[in-house]
Amino acid sequence: MDDAWPETVNGWELAREGHIENYRKRLANRVTVTAMWENGTGRGRVDARTEPLGGGRTLTSSRKDFRDKDAFWTAATCVLEMAANLPSLDWHTSPAPTALAGTVAGMVEAEPGTSGHPEAELTFTLTEGHTVTLVMTDEQAFDLSNSISRLDHHVWSEEREDEEEDEDYEDYDEPVAVEEVPDVSEVRSGPDSGHDLVTVLEERFGVTEDNLLAHVDWSALIVVGEPEVSSLIERGGELTDAVAPRWYPVVADRPGERWVVLKRTGLRYQGE
């Protein structure tokens, strides 16, 4: 089957049929994204499907008419990012390697990207010998910088403050008043990302991935099926407290069934 995809372009498998280019990317969560581009026509298609070979149920798809090939690749990237953030669909075997995890050795290399678009390349060398390079858009790099700043404040700043206080004690004989730091070990914040929300639903309410549907942009997560929906409705107060402040639950009446929809706060939805 892989012989039908003889080329690789920017991580996508490529097969050509005359003026048509077929692309495929198989993800570790068992979702396959396929993209088709017709040279000279400005037409294409991008689909995310549930089966490893790209023949299963369609999860999402793009429009078919594009201004140019750059617009086509923008749509392909959007569909790919949505598909990569979906929970695993639990096929027996994964067509793509699982994620690496390890301790970073030495410094992280940060260089401008080479595709001609605003992007960054971050290269990590792990102590086990793997080298991993991540290509990030300018928005992703900006979000990463902000996240690291928040980590710096919560993880490392207290240690630096302790070191500075020790230096102050060495320099001065007079005692220095130290404000008591409140104990926040029991403080819990609600889920932030869609992945965090999926984890809370599974660990606290027993809702598995089989009962979840997500909007393409993760602006909402939908719980379907019984008895999970009825259980969440009965535990509505507990659910609201568990997902606040980033998400809030509502009950949607559908033909013949009910859904629990967890919406991201601060966004408006059609019909509201």
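Please refer to the structure placed before this passage.
The sections below set out a description of the structure shown in this document.

The rules behind these values
- Residues numbered from 1 in each chain as written.
- Predicted model: local features only at pLDDT ≥ 70, side-chain atom pairs only at ≥ 80, totals over all residues.
- Heavy atoms only, no water.
- Helix = DSSP H or I, 4+ residues; strand = E, 2+ residues; numbered from the N terminus.
- Buried < 20%, exposed > 50% of the residue type's maximum accessible area, 1.4 Å probe, protein only.
- Polar contact = N/O pair within 3.5 Å; in protein donor to acceptor, adjacent residues only side chain to side chain.
- Salt bridge = Lys/Arg side-chain N within 4 Å of Asp/Glu carboxyl O.
- Phe/Tyr/Trp six-rings, centres within 6.5 Å; stacked < 30°, edge-to-face > 60°.
- Lys NZ or Arg CZ within 6 Å of the ring centre and 35° of its normal.
- Pairing = 2+ DSSP bridges.
- Axes fitted to C-alpha atoms, helices over the stretch in contact; angles between N-to-C directions.

**Quick notes on the side chain of Glu 21**
In step 1: Here Glu 21 is to be found in strand 3 (residues 20–26).
In step 2: Given the relative accessible area of 7%, Glu 21 is considered buried.
In step 3: At 3.4 Å, the side chain of Glu 21 forms a polar contact with the side chain of Arg 16.
In step 4: Of the polar contacts made by the side chain of Glu 21, one reaches the side chain of Lys 69; its length is 2.7 Å.

**Things to note about the pattern of salt bridges**
In step 1: Counted by the stated rule, this structure contains 11 salt bridges.
In step 2: Note that Glu 13 is salt-bridged to Arg 24, the shortest N-O span being 3.1 Å. Taken together, the residues Glu 13 in strand 2 (residues 12–17) and Arg 24 in strand 3 connect sequence positions 11 residues apart. Across the pair, Arg 24 and Glu 13 agree in class, each one buried.
In step 3: Glu 21 is paired through a salt bridge with Lys 69; the nearest N and O atoms lie 2.7 Å apart. Taken together, the residues Glu 21 in strand 3 and Lys 69 in helix 1 (residues 69–84) connect sequence positions 48 residues apart.
In step 4: Among the residues examined, Lys 69 registers a relative accessible area of 26% and is labelled partly exposed.
In step 5: Salt bridges sharing partners connect three or more residues here, namely Glu 7, Arg 16, Glu 21 and Lys 69.

**Re the side chain of Asn 22**
In step 1: Within the fold, Asn 22 resides in strand 3.
In step 2: Asn 22 sits in the buried class, given a relative accessible area of 16%.

**Points about the packing of aromatic side chains**
For any pair of aromatic rings, the description consists of the separation of the ring centres together with the inter-plane angle of the planes.
In step 1: Counted according to the given criterion, the structure contains 4 aromatic pairs.
In step 2: Ring centres of Tyr 23 and Trp 73 lie 4.8 Å apart, and the angle between their planes is 75°; on these two criteria the pair is classed as edge-to-face. Of this pair, Tyr 23 sits in strand 3 while Trp 73 sits in helix 1; the two residues are 50 residues apart in sequence, bridging distant segments of the chain.
In step 3: Owing to a relative accessible area of 23%, Trp 73 belongs among the partly exposed residues under this scheme.
In step 4: For the pair Phe 72 and Trp 73, a centre-to-centre distance of 5.3 Å together with 65° between the ring planes defines the contact as edge-to-face.
In step 5: One Lys or Arg, Arg 254, reaches over the ring of Trp 259 and ends 4.5 Å from the middle of that ring.

**Some remarks on the sheet that holds strand 9 (residues 131–137)**
Hydrogen bonds between backbone groups are what pair the strands of a sheet, and the pairing can be parallel or antiparallel.
In step 1: Taken in spatial order, the 3 strands make up an open sheet running 7-8-9, and their pairing is antiparallel. On the outer flanks of this sheet lie strand 7 (109–112) and strand 9, each paired with one strand and no other. On average, adjacent strands in this sheet sit at an angle of 20° to one another, irrespective of strand direction.
In step 2: Sheet topology note: the strand 8 (residues 119–125)/strand 9 ladder contains 7 bridges and is antiparallel.

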